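A look at the structure
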Amino acid sequence: MSNGQPANIVVVDDEQYICNIIIEALSSETHNVVSFCEPAQALEHIENNPVDLVLTDLVMGEFTGMQILETTLAAHKDGIVILMTAHPTVQTAISVLKKGAYDFLVKPFKLDILKAAIERGLAHQRIIRDVVNLQGQVEFLKVANASVVEENMTSFLKLVVESCKKELLAQAVSVTELDPDTREVITEVCDCEREEDLEVLATESGRVAFADRECKPVIRREQIEQDGQPSTKVFISQPIVIHGKLHGVIDVLIVRRFDEVTRGQLDVLTILSSSAASTIANRRLYRELQRSYLEAIRGLANAIEARDEYTAGHTDRVCRLADLIARELGWNENRLNNLVMGCTLHDIGKIGVPDSILNKPGPLTDDERSKMQKHPEVGLRIISEFELCRPAIPYIMAHHEWFDGNGYPGGLVGEDIPIEGRLLAVADTFDAIMSDRPYRKGRSFMTAVSELVTYKGTQFDPQLVDTFLEVIKQGKINFKDMYGHDEDISQLEQVLATEMAPG
Ligand SMILES: [Fe+2]
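Described in the following lines is the structure provided in the data block. Computed from a prediction, not measured in an experiment: that's the story for all the values here. (Residues numbered from 1 in each chain as written. Predicted model: local features only at pLDDT ≥ 70, side-chain atom pairs only at ≥ 80, totals over all residues.)

A few points about the overall build of the protein
Helix and strand counts for the protein come out as 20 helices and 12 strands. Counting contacts in the protein only where the partners sit at least 6 residues apart, residues at least 24 apart contribute 64% of the total. (Helix = DSSP H or I, 4+ residues; strand = E, 2+ residues; numbered from the N terminus. Contact = placed C-beta atoms within 7 Å.)

Shown next, in the form of structure tokens:
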């Protein structure tokens, strides 16, 4: 029985007139009832057809109701079995209930009592099916709530897929986030037991069907043969809708010997799509807010660059270099987004440094240097006002710390320096050496590399310098685009060998 449909009931009794009476008694109900006087035929029917409830005699010649009970529960894990006997003993009653029978009726019984037992059994079954699914949902919601909007969308969609697969006992699940205007796929996560199901999910997906009509769940059923057994293939497409617009689809492929997608399982899918919809909506809102903040603050950063034409483009290049290092380290989408923010804003505090110091064409005096070195703290004060820009703080505060503790403003040592600052220090210094400065022309690529290698372990985190050199060796930096000329990276190994040579 599923979704309020009639229940499939099997009656087994070796006395034909008992079968007839029960069939007659249940004829006014909407259930599908079949009866068997031959227990062997009943067993075969139960093994090969959808069955919700079995009503069986306990003693039938060489067969017993216990065999019917065991076969039913083996083929239908939440099947309801009610045993009937004219020769009851307390011991028999205890024994059948222990083996998983739902109820035990003593013949002769009134038909009202029989009907009540059947309805009670079916109601119990509905509750069990719904509770099992909703328990799974509680677990999902706990995990989903813990993964806040800052987490990337792929991890969240993976959770949705896992939950669908578990709760619907699905063979394949895919969750797709779509652009509501163009219907282009933004993110897609699949989990299939068989590779060929990937294609089935893609071609059968409701995202095609939803294009021309209302966004309502679609369920399709098909009779197939799988592993030599007749089975039902159920394909469900559940739309993810925000303000009446399609933002994604959950596609589920279930293959069962019997079609047993329950109302509770469909409820689970509705809860999952609502959860996905609110997460997608929240995330978009969060991203838009963050983008607006970033644009406003970037305006300030540009204002600083505009004060000094020699540093034009520095922020953009540092972002690109730092991004390449972070990707080499395997940072996720969320950390990469924060890195762009941090690199953009890292020198925001220079807004508090007078032009005469910022643009001085020569070495700074102690007093001037001290003012210049205040820029991380000034930056911190500015950014602390903007909640959404907080991920930029470790970049702002730690990009002038030295690995050996001789940096500023905290004098932090080694891994006590946030990795964001250690990473940015490498990218920032490399670009500063390569770029023209107020008091000198930009220096060569090899000079910049040598400086990083020379200060490995003092100014810079040695591992991050190595990672950066690896990025260069792999040819991932577009020097022509960033600095206006190509660099011959084939000399790199030779220069490194010289740098590393003892003495
Ligand atoms: Fe700085």
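Let's pick the thread back up.
So, the nonpolar core
Counting 41 residues, the largest nonpolar core has Ala322, Ile325, Leu345, Leu423, Val426, Ala427 and Leu452 as its most contacted members. Counting residues per element, the ones that place at least two in this core are helix H9 (263-307), helix H10 (314-328), helix H11 (333-345), helix H15 (393-398), helix H16 (419-434), helix H17 (445-454) and helix H18 (462-473). Sequence-distant contacts of Ala427, defined by excluding residues within four places in its chain, comprise Val318, Leu321, Ala322 and Ile325. (Core = buried A, V, L, I, M, F, W, Y, C linked by C-beta atoms within 7 Å. Buried ≥ 20, exposed ≤ 12 C-beta atoms within 10 Å, placed from the backbone.)

Some points on the environment of Pro418
Inspection of the secondary structure assignment puts Pro418 in the loop between H15 and H16. C-alpha separation for the pair Pro418 and Tyr395, spaced 23 residues apart in sequence, amounts to 8.0 Å. For Pro418, the contacting residues outside a window of four places in its chain are Pro394 and Ala398.

Quick look at the sheet that holds strand E6 (residues 80-85)
Read from one edge to the other, the open sheet built from five strands follows the order E2-E1-E3-E6-E7, with strand pairing classed as parallel. Both outer strands of the open sheet, strand E2 (32-36) and strand E7 (103-106), are each paired with one neighbouring strand and no more. Neighbour to neighbour, the strand axes of the sheet diverge by 15° on average, direction disregarded. Bridge count between strand E3 (residues 53-57) and E6: five bridges; the pairing is parallel. Note that in E6 the partner of Val54 across the bridge is Val81. Here helix H1 (residues 16-26) sits on the sheet and contacts strand E1 (8-12), E2 and E3; the angle it forms with E2, its principal contact strand, is near 175°. (Pairing = 2+ DSSP bridges. Axes fitted to C-alpha atoms, helices over the stretch in contact; angles between N-to-C directions.)

Taken by themselves, the reported measurements are silent on function.
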